[in-house]
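# Summary of the model geometry
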Number of protein chains: 2
Amino acid sequence: MKQHQVLKIREPVENQTANIAVLGAGGLGMAAVKMLSRKKEMKLTAIADKTGYVIDLEGINPGLLENKKPGDIGNRTDDAITEIIKNSGNFDGIFIALPNLTNEFIPDVVSRFADHGYSGVMVDALKRSQAVEAIFGLDDRLRDAGITYITGAGATPGLLTCAAAIAANSFMEVTGVDINFGVGVANWESYRATIREDIAHLEGFNLDRAANMTCAEIKEELDKRKGILHLSNMEHADDVLLERAGVVSQEKVKVGGVVDTKNPKKPVSTTMTLTGRTFDGAVSSHRFILGDETTMAANVVGPALGWMKAGLEFHARRIYGVFGSAEIMPRFVQ
Amino acid sequence: MKQHQVLKIREPVENQTANIAVLGAGGLGMAAVKMLSRKKEMKLTAIADKTGYVIDLEGINPGLLENKKPGDIGNRTDDAITEIIKNSGNFDGIFIALPNLTNEFIPDVVSRFADHGYSGVMVDALKRSQAVEAIFGLDDRLRDAGITYITGAGATPGLLTCAAAIAANSFMEVTGVDINFGVGVANWESYRATIREDIAHLEGFNLDRAANMTCAEIKEELDKRKGILHLSNMEHADDVLLERAGVVSQEKVKVGGVVDTKNPKKPVSTTMTLTGRTFDGAVSSHRFILGDETTMAANVVGPALGWMKAGLEFHARRIYGVFGSAEIMPRFVQ
């Protein structure tokens, strides 16, 4: 096994609580704060966003973050990520819940952790195929660094992609995977980055254009559509992840959905349908349907922490490198 | 890492076809023969049942087994398992598809492999909680032997249990798992052992009584019920496996179903429903629904081979011992 520089001051062992740092304090980051506060196996020890950061190795009280930003309760800086990188030896796992409007941003952040000598677990909830592919491009580098990295580890890609990879086993050949999601949020401001990325997928829009829209312009666009975004044939990394897992070739994976930005009720039930041919010639479909009452935050961050636990287990066994969410099973965190 | 006696003459490496031995040539064993004949990553190199056994390291032509038993095309013996054990150093993986009317039978067979010095991968499709618990009792012994063993690796337990373990991640707390299966077989004679075990779960029956029934008595019992068996609150290892994976305590897992022994059409859609409470207090259920056109054989043996691949990957990384099917993800075999 390749030797790597060891910056880590502690190794996760059984019955020890893993120190988790969360990058980002938007809807997903704050859901992670709340979930981690109720887990025995993990604790929130750092959170950072554009306002600043807070680090507390004893565990951050989630109450402090109620209606507050990391910079309000910790240290104000516009370069909080650098501070987390400097202190990264304290963290067993990093959950990346940052907005990702360019495909290079998160791979760049990850590279900086590796360059600094970080050697723990990292999990992202990236969505676009190209962003996930850029992370796979770091495989050798992260393996050398001793980092165990799981990419596309949210809901879709993530929970639904993994369900597809499991469902595939009943079939000799998978002929198609169709993911149709429903998302409802009470107001788009709570999930600015996510909704902005959804807008980038609409016809006539792209990442640049969505990134440069003012909040007023976003609001206007949403109002024009009565708050409802219909998305189809999205560039979603479920395709890359399922191909990498050997399940089906990219072009047979279709992702679309309906997002209601003014109503927390889901406009449609989120469903993954995998169709294939069995050894005895039958053509059939397995389906995985998410409960309508579960929010995007529950379905993204819960699985992300599940993959964090799986990553910690792999890391303890010195299994390093980049894994897709369709290659490794998220493990329920207690 | 503990040293163990090495009998294995070959290690699975990438792009090498794994040699698989199948124990049992009933409905499940024969489905494995057909599936393996179409896989690049694995080949059938041995099959054994009560009629005898055949071993061919070049790969067994599945056509030879059409309407034939292993003893018809290979060597007749009433102790075929012993012959497979003697030759076990040739096999990367063993799929156990034997009838299991006593809880001790399969653990005894497995122990004999370990005693002989076998150090590869073993996968079973055991159903009863007590049988799976007996396999977990072999954990230390199999770890010392260098065996990677995956138990409960069929459809239920197996595919549906694993889907439940993944679905759990959206929730802070799982309040219940309900598995309701539908099975249809054109005639019970093709799945004697499976149907006999189902009868043992009926009210007024038990394993001993079912084991001692003649085929005529089974037929009479089935006729009395118009071929339909209604099963509820079954002793099914989904409970043990989900508790071991840390998802939910045993008593919250319920398994039941309807088996039509005279009609290949499923009487109900096989559905796993996992109910839980999310971090934001919502109570909801995720569902995993198998396509009605998929047979029990496809849903048991396909996943079993998927776990075989996962086991081969773990084994290559020197990860040994017993794993439940809710702890490790089946990997689609190409």
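### With respect to the overall build of chain A
The helix and strand tally for chain A stands at twelve helices and 13 strands. By its C-alpha atoms, chain A is 55 × 50 × 35 Å across when sized along the principal axes. Here chain A holds 334 residues, and 62% of them are scored as buried. Within chain A, contacts between residues at least 6 apart in sequence are counted, and of these 76% link residues at least 24 apart. Total accessible area on chain A is roughly 12,900 Å²; 47% of this is exposed by carbon and sulfur atoms. Of note, chain A has its 37 positive side-chain charges centred 4 Å away from the centre of its 42 negative side-chain charges.

### Considering the pairing of strand 6 (residues 121-124) of chain B
Residue and element names in this part refer to chain B. Both faces of strand 6 are covered, namely the face carrying Val121 and Val123 and the face carrying Met122 and Asp124. The pairing of strand 5 (residues 93-96) with strand 6 spans four bridges and is classified as parallel. Paired with Gly93 across the two strands is Val121, which belongs to strand 6.

### Quick word on empty space enclosed by the protein
In this approach a probe as big as a water molecule rolls over the atoms, and the regions it shows empty are the leftover space. One pass over the structure, following the stated rule, counts four cavities of 30 Å³ or more. Counted as a void, the largest cavity has a volume near 80 Å³. Lining the largest cavity are 13 residues, with A:Met35, A:Lys39, A:Gly302, B:Asn169 and B:Phe171 sitting closest to its centre. No other element matches the four residues that helix 12 (residues 296-316) of chain A contributes to the lining of the largest cavity. Taken together, the residues of the lining of the largest cavity break down into eight nonpolar, four polar and one charged. Taken as a whole, the second largest cavity spans an internal volume of roughly 50 Å³.

### Points about the interface of chain B and chain A
Taken residue by residue, the interface counts 54 residues in chain B and 54 residues in chain A. Our enumeration of links across chain B and chain A arrives at zero salt bridges. Applying the counting rule to chain B against chain A returns 18 residue pairs in polar contact (both at pLDDT 80 or more). Looking at the side of chain B that touches chain A, the elements with two or more residues in it are helix 1 (27-36), helix 7 (159-167), strand 12 (283-289) and helix 12 (296-316) of chain B. Of the residues contributing to the side of chain B that touches chain A, the split by class is 30 nonpolar, 14 polar and ten charged.

### Quick notes on the sheet that holds strand 8 (residues 173-184) of chain B
Here ten strands make up an open sheet; going across it, the order is 9(A)-10(A)-8(A)-11(A)-12(A)-12(B)-11(B)-8(B)-10(B)-9(B) and the pairing mixed. Of all the strands in the sheet, just strand 9 (228-231) of chain A together with strand 9 (228-231) of chain B have a single pairing partner and so form its edges. Pairs of neighbouring strands in the sheet enclose a mean axial angle of 10°, with direction left out of account. Bridge analysis of strand 11 (residues 271-277) of chain B against strand 12 of chain B gives seven bridges, and the strand direction is antiparallel. The residue of strand 12 of chain B that forms the bridge with B:Leu274 is B:His286. Contacts from helix 8 (residues 192-200) of chain B reach strand 9 and strand 10 (253-260) of chain B, with the element oriented near 50° to strand 9 of chain B.

### Let's talk about the packing of aromatic side chains
Pairs of aromatic rings are described using the distance from one ring centre to the other and the angle between the two planes. Residue and element names in this part refer to chain A. Following the criterion strictly, the structure yields six aromatic pairs over all chains and no others. Judged by centre distance (5.7 Å) and plane angle (70°), the ring pair of Phe113 and Tyr118 falls under edge-to-face. There is no split in this pair, since Phe113 and Tyr118 are both buried. Across the ring face of Phe205, the terminal group of Arg209 is positioned such that the distance to the ring centre comes to 4.1 Å.

### Overview of the packing of helix 8 (residues 192-200) of chain A against helix 10 (residues 215-224) of chain A
All names here are of chain A. Packing of helix 8 against helix 10 brings their axes to within 12 Å, and their N-to-C directions diverge by 60°. With respect to each other, helix 8 and helix 10 are oriented oblique. Relative to helix 10, helix 8 is oriented so that their crossing is left-handed. Taking contact as the criterion, the partners of Arg192, Ile195, Arg196 and Ile199 in helix 8 are, on helix 10, Cys215, Ile218 and Leu222. Class assignment of the residues belonging to the contact of helix 8 with helix 10 gives a composition of five nonpolar, no polar and two charged.

### Considering the sheet that holds strand 6 (residues 121-124) of chain A
All names here are of chain A. Spatially, 4-3-2-1-5-6-7-13 is the arrangement adopted by the eight strands of the open sheet, whose pairing is mixed. Whereas interior strands pair on both sides, the edge strands pair on one side only; in this sheet they are strand 4 (75-76) and strand 13 (321-324). Sheet topology places strand 1 (residues 18-23) next to strand 2 (residues 42-49); six bridges connect them, and they run parallel. Bridge pairing in strand 2 places Asn19 opposite Lys43.

### Here's the deal with the relation of the copies chain B and chain A
At an RMSD of 0.0 Å, chain B and chain A line up after a rotation of 180° and a shift of 0.0 Å along the axis. Overall, the copies show the geometry of a two-fold rotation axis. Using C-alpha coordinates, one finds that chain B approaches the rotation axis most closely at B:Phe288, a distance of 2.2 Å. A share of 100% of interface residues in chain B that are also interface residues in chain A marks the association as one of identical surfaces.

### Here we look at the pattern of salt bridges
According to the stated counting rule, one finds 30 salt bridges over all chains in the structure shown. The partner of A:Glu221 in a salt bridge is A:Lys224, with the nearest N and O atoms 3.4 Å apart. With A:Glu221 and A:Lys224 both in helix 10 and three residues apart, the pair spans about one turn of that helix. In this structure A:Lys224 comes out as exposed when scored by relative accessible area, which is 63%. Close ionic contact of B:Asp223 with B:Lys219 constitutes a salt bridge, the shortest N to O distance being 3.2 Å. Here B:Asp223 and its partner B:Lys219 are both found in helix 10 (residues 215-224), four residues apart, which amounts to about one turn of the helix. Bridged by salt links that share partners, the residues A:Asp139, A:Asp140 and A:Arg143 form one connected network.

### Details of the confidence of the model for chain A
All names here are of chain A. Averaged over every residue, the pLDDT of chain A is 92; the share at 70 or more is 96%. Scored below 50 in pLDDT, residues 1-13 makes 34 contacts in the model with residues more than four places away or belonging to other chains. Two numbers describe this predicted complex: its pTM, 0.92, and its ipTM, 0.92.

### Some points on the domain arrangement of chain A
All names here are of chain A. Along its sequence, chain A is carved into domain 1 (18-156 + 297-324) and domain 2 (159-292). Here the C-alpha centre of domain 2 lies 23 Å away from the C-alpha centre of domain 1. Taken together, the contact between domain 1 and domain 2 spans 25 residues of the former and 28 residues of the latter. Between domain 1 and domain 2 lies a buried interface of about 2,100 Å² when both sides are counted; carbon and sulfur atoms form 58% of it. Among the residues domain 1 hides against domain 2, the three largest losses belong to Leu101, Lys127 and Thr156. Together they make up 34% of the total. There are two salt bridges connecting domain 1 and domain 2. A salt bridge links Arg128 to Glu197; the shortest N-O distance between them is 2.9 Å. Those elements that provide at least two residues to the side of domain 1 that touches domain 2 are helix 1 (27-36), helix 5 (129-136), helix 12 and strand 13. Considering every element that reaches the side of domain 1 that touches domain 2, the biggest residue donor is helix 5, with five residues. Split into classes, the residues belonging to the side of domain 1 that touches domain 2 amount to ten nonpolar, eleven polar and four charged.

About the criteria used
Residues numbered from 1 in each chain as written. Chains lettered and ligands numbered in written order. Predicted model: local features only at pLDDT ≥ 70, side-chain atom pairs only at ≥ 80, totals over all residues. Heavy atoms only, no water. Helix = DSSP H or I, 4+ residues; strand = E, 2+ residues; numbered from the N terminus. Buried < 20%, exposed > 50% of the residue type's maximum accessible area, 1.4 Å probe, protein only. Contact = heavy atoms within 4.5 Å. Areas by Shrake-Rupley, 256 points an atom, 1.4 Å probe, with all protein chains shown as cover. Lys, Arg positive; Asp, Glu negative; His and termini not counted. Charge placed at Lys NZ, Arg CZ, Asp CG, Glu CD. Pairing = 2+ DSSP bridges. 1 Å grid on protein atoms, 1.4 Å probe; cavity = no way out; pocket = protein on both sides within 12 Å on 5 of 7 lines; lining within 4 Å. Points joined across faces, edges and corners; volume = space filled by probe spheres on them. Nonpolar A, V, L, I, M, F, W, Y, C, P; charged D, E, K, R; others polar. Salt bridge = Lys/Arg side-chain N within 4 Å of Asp/Glu carboxyl O. Polar contact = N/O pair within 3.5 Å; in protein donor to acceptor, adjacent residues only side chain to side chain. Axes fitted to C-alpha atoms, helices over the stretch in contact; angles between N-to-C directions. Phe/Tyr/Trp six-rings, centres within 6.5 Å; stacked < 30°, edge-to-face > 60°. Lys NZ or Arg CZ within 6 Å of the ring centre and 35° of its normal. Parallel < 35°, antiparallel > 145°, perpendicular 65-115°, else oblique. Left-handed = near helix turned anticlockwise from the far one by under 90°. Least-squares fit on C-alpha atoms with pLDDT ≥ 70 in both. pLDDT = per-residue confidence, 0-100. Domains from an automatic or database assignment. Buried area = accessible area lost by both parts, 1.4 Å probe.

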